[in-house]
Amino acid sequence: QEAFAIDPDLKLPVAVAPFIIAASAAIAPKPFVRDVAHSQINFIAESQLVDAHGTFDAWDAEIMFDAESVEASSVLITIDAKSINTRIAQRDGHLRSNDFFATDSFPTITFKSAFINKLGEDRINITGDLTIRGRTKRITIPSRLVFFDAARNVGRVKGQATIDRNDFGVSYQPPVNRINPEIQLQFDIAFKAK
């Protein structure tokens, strides 16, 4: 009778219930971690004199992935804002200041997925909340599931989106080298079973 507690209206034989429970567990998202050596988050900020190509050296991703139902997957990315790296120390110091990311007051940048839409065999949209400098805005990142190897429990996903930095209070404009408000964000995450 305990087996019928799953749903009394189903009236299934007791022997069937364990298989229902096992099947439900099998399709639930499973935890994965990023492959640090093969993952990166980059950005491009265009300006009149020279475009800044940058990355973040310190960040982590909490990934729940379901190969059978990608829509049930989720991701939480947490970035150490102070780890910004454009390969020019003076510029990086300025980016950490109150003119830009104010990293002393807002040490982390986060992206938390809200839902994922599957568009095709390998194409997905990841929609979630991006928080920079304490301001949160929902964005959609067109992405591609490059591959997933179920035998080895490894995969790779990459995506790219454009945001307006003014939406996040990163609005500083230098007097000479004006910076485009639109910033290109790129992520490329290889992941493996936790």
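Residues numbered from 1 in each chain as written. Predicted model: local features only at pLDDT ≥ 70, side-chain atom pairs only at ≥ 80, totals over all residues. Heavy atoms only, no water.

Student: Please clarify how the environment of Asp-60 should be interpreted in this entry.
Tutor: For Asp-60, the location among the structural elements is in strand β4 (residues 59-65). The class of Asp-60 is partly exposed, set by a relative accessible area of 46%. Put simply, Asp-60 and Thr-110 are 50 residues apart on the chain and 9.8 Å apart in space, counted from C-alpha to C-alpha. Asp-60 has contacts with Arg-34, Leu-76, Ile-77 and Thr-78, leaving out every residue within four places of it along the chain. (Helix = DSSP H or I, 4+ residues; strand = E, 2+ residues; numbered from the N terminus. Buried < 20%, exposed > 50% of the residue type's maximum accessible area, 1.4 Å probe, protein only. Contact = heavy atoms within 4.5 Å.)

Student: Help me understand the pairing of strand β10 (residues 154-164) in this model?
Tutor: The two faces of a sheet get side chains in turn, since along a regular strand they alternate between them. For strand β9 (residues 135-149) and β10, the ladder comprises six bridges, and the chain directions are antiparallel. Looking across to β10, one finds that Arg-144 is bridged to Lys-158. Following β9, the chain reverses through four residues before pairing antiparallel with β10; Asn-153 in that reversal takes a positive phi of roughly 55 degrees. In the sheet, β10 pairs with strand β11 (residues 179-193) via eleven bridges, with the strands oriented antiparallel. If you follow Lys-158 over to β11, its bridge partner there is Asp-188. (Pairing = 2+ DSSP bridges.)

Student: Sorry, what's going on with the environment of Phe-168 here?
Tutor: In this fold, Phe-168 is placed in the loop between β10 and β11. Each C-alpha atom of the pair Phe-168 and Ile-132 lies 5.7 Å from the other, and the pair is 36 residues apart in sequence. Not counting residues up to four positions away in its chain, the partners in contact with Phe-168 are Leu-130, Ile-132, Arg-133, Arg-135, Lys-137 and Ile-163.

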